[in-house]
Amino acid sequence: MSGENEMKLEFDSRSCNEGFARVAVAAFMTQLNPTLEEVADVKTALSEAVTNAVIHGYEGAVKKITVECRISGQTLFVEVKDGGKGIEDVARAMEPMFTTREDCDRSGMGFSFMEAFMDTLEVDSAPGRGTRVRMTKTIGRTEPKYE
């Protein structure tokens, strides 16, 4: 398939909706004829972004999370937004093993997983403004990611 296609989801920041978001994005990306591994990569990265919004952004309060996807050519663009408390130091938050919620048995690997499973990762956040995570993955890539 070539061309453009878009979709947008908005749902409550409940952990049970993370599975819904995974399935919806996986279904949307099927038009690119991805491999099972490519679908699993996107689902894992999306799960981490949504879970971060639920646990860190809203700290358990029920508000809205937005997931937007766009396809251009063979590239999937994914954006996850929340209007939560935001991140004071994005660079520090993206360091492996960094977590602000040791009480929740969090590993601090969410952004590291997003970076590993997607081609690009961009995080925009500020205290009191919420967080926007943008990721891309080109489907059908034959060469290794890091060459």
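Everything quoted here is computed from the prediction, not taken from an experiment.

A. Region of interest: the overall build of the chain. Each helix and strand in the chain was counted, giving four helices and five strands. The N-to-C order of helical and strand elements in the chain reads β-α-α-β-β-α-α-β-β. For the chain, the proportion of its 147 residues judged to be buried stands at 44%. Put simply, of all contacts in the chain between residues at least 6 apart along the chain, 64% involve residues at least 24 apart. Within the structure as shown, the chain displays about 7900 Å² of accessible surface, and the carbon and sulfur contribution to it stands at 49%.

B. Fine view of the environment of E4. Looking at the element boundaries, E4 is found in strand β1 (residues 4-12). Look at E4 and you get exposed, because its relative accessible area is 52%. Sequence separation of E4 and R70 is 66 residues, and the distance between their C-alpha atoms is 7.1 Å. Excluding residues that lie within four positions of it along the chain, E4 makes contacts with R70, I71 and S72. At a separation of 2.9 Å, a polar atom in the side chain of E4 contacts the side chain of S72.

C. Structural view of the environment of K81. The residue K81 is located in strand β3 (residues 75-82) in this model. Here K81 falls in the partly exposed class, since its relative accessible area comes to 29%. Residues K81 and G57 lie 24 residues apart in sequence; the distance between their C-alpha atoms is 9.7 Å. A distance of 3.2 Å separates the side chain of K81 from the side chain of E68, its partner in a polar contact.

D. Here's a closer look at the nonpolar core. By size, the foremost hydrophobic cluster in this structure holds 37 residues, and its most contacted members are V50, V67, L76, V78 and M135. Tallying contributions element by element places helix α2 (residues 36-57) first for this core, with nine residues. If near-sequence neighbours (up to four positions away) are discounted, M135 is found in contact with A45, L46, A49, L76, F77, V78, M114, M118, T120 and L121.

Analysis parameters
Residues numbered from 1 in each chain as written. Predicted model: local features only at pLDDT ≥ 70, side-chain atom pairs only at ≥ 80, totals over all residues. Heavy atoms only, no water. Helix = DSSP H or I, 4+ residues; strand = E, 2+ residues; numbered from the N terminus. Buried < 20%, exposed > 50% of the residue type's maximum accessible area, 1.4 Å probe, protein only. Contact = heavy atoms within 4.5 Å. Areas by Shrake-Rupley, 256 points an atom, 1.4 Å probe, with all protein chains shown as cover. Polar contact = N/O pair within 3.5 Å; in protein donor to acceptor, adjacent residues only side chain to side chain. Core = buried A, V, L, I, M, F, W, Y, C linked by side-chain atoms within 4.5 Å.

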